[in-house]
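Analysis of the macromolecular model
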Amino acid sequence: MDGTEDRHISPLYFNKVEDVYEGEDGKQRTLTIIKFLKDEFELSGLDEFLVVSDDGEAEEIDVNGYKFSDLPECFRNAIKEYSFTICYTDNADQEEQADTFYNLNNGQYLSVFTIFIL
């Protein structure tokens, strides 16, 4: 394994307008996860995973070609129980949304100060 499976997933950004959360950043990630959970595509291009069973036996598992429902239960549970970081603004206008988009897409992280202003 090359460590890519331990990478952090970037936060999802939404703008709350009334009772609706509109996606600002992360829509593609969100839709991909939903499609995977619905078995709409198979995994590919992944290294094998080293899995240690409860009895201490180590086994390498190749999940390439697996849909979500094909994965071992421990993998499915880990995916379903993953906690995403979600950031949202309340009723941000178009300029504020554009600022958020600009900051997120030019390699600049939002500071705590910026997040609270939005």
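What counts, and where the lines are drawn
- Residues numbered from 1 in each chain as written.
- Predicted model: local features only at pLDDT ≥ 70, side-chain atom pairs only at ≥ 80, totals over all residues.
- Heavy atoms only, no water.
- Helix = DSSP H or I, 4+ residues; strand = E, 2+ residues; numbered from the N terminus.
- Contact = heavy atoms within 4.5 Å.
- Areas by Shrake-Rupley, 256 points an atom, 1.4 Å probe, with all protein chains shown as cover.
- Buried < 20%, exposed > 50% of the residue type's maximum accessible area, 1.4 Å probe, protein only.
- Polar contact = N/O pair within 3.5 Å; in protein donor to acceptor, adjacent residues only side chain to side chain.
- Pairing = 2+ DSSP bridges.
- Axes fitted to C-alpha atoms, helices over the stretch in contact; angles between N-to-C directions.
- pLDDT = per-residue confidence, 0-100.
- Patch = residues over 30% accessible without salt bridge, like charges linked within 9 Å, V, L, I, M, F, W, Y side chains within 5 Å.
- Salt bridge = Lys/Arg side-chain N within 4 Å of Asp/Glu carboxyl O.

**Considering the overall build of the chain**
Across its full length, the chain holds 4 helices and 5 strands. In the chain, the succession of helices and strands from N to C terminus is β-β-α-β-β-α-β-α-α. Considering only contacts within the chain whose residues lie at least 6 apart along the sequence, 49% involve residues at least 24 apart. For the chain, the exposed surface amounts to about 9,000 Å²; the carbon and sulfur share of it is 50%.

**Quick word on the side chain of Thr89**
With respect to the helices, strands and loops of the structure, Thr89 is situated in strand S5 (residues 86–90). The class for Thr89 is buried, based on a relative accessible area of 7%. Polar side-chain contacts of Thr89 include one of 2.8 Å to the side chain of Asn15.

**Quick notes on the sheet that holds strand S1 (residues 12–17)**
One open sheet holds the 3 strands; their spatial order is S2-S1-S5, and the pairing between them is mixed. Looking at which strands have only one partner, the edges of the open sheet turn out to be strand S2 (20–25) and S5. With direction set aside, neighbouring strand axes in the sheet form an average angle of 30 degrees. Sheet analysis places S1 next to S2, joined by 5 bridges and oriented antiparallel. Within the sheet, the bridge partner assigned to Val17 lies in S2 and is Val20. Contacts from helix H3 (residues 94–105) reach S1 and S2, with the element oriented near 40 degrees to S2.

**Here's the deal with the confidence of the model for the chain**
Looking at the chain as a whole, its pLDDT mean stands at 83, while 84% of the residues score no less than 70. Mean pLDDT across the elements of the chain bottoms out in helix H4 (residues 112–117) (45) and peaks in strand S4 (residues 58–61) (92). Across residues 112–118 the pLDDT falls below 50, and counting only partners more than four positions away or on other chains, this stretch makes 6 contacts in the model.

**Some details on the environment of Asn91**
For Asn91, the location among the structural elements is in the loop between S5 and H3. Assessed through its relative accessible area of 52%, Asn91 is described here as exposed. A sequence separation of 75 residues divides Asn91 from Lys16, and the C-alpha atoms of the two residues are 5.6 Å apart.

**Observations regarding a nonpolar patch on the surface**
Nonpolar side chains collect at one region of the surface, where Tyr82, Phe84 and Ile86 lie side by side and expose about 270 Å² of accessible area between them. Relative to the assigned elements, Ile86 resides in strand S5.

**Quick word on the side chain of Asp25**
With respect to the element layout, Asp25 can be found in strand S2. What makes Asp25 buried here is its relative accessible area of 19%. Residues contacting Asp25, with those up to four places away along its chain left out, are Pro11, Leu12, Tyr13, Leu104 and Asn105.

**Some remarks on the pattern of salt bridges**
Opposite charge on two side chains permits pairing when their charged atoms draw close. The final tally for this structure, using the stated rule, is 1 salt bridge. Among the salt bridges present, the one from Asp25 reaches Arg29, with a minimum N-O distance of 3.1 Å. With relative accessibility at 27%, the residue Arg29 sits in the partly exposed group.

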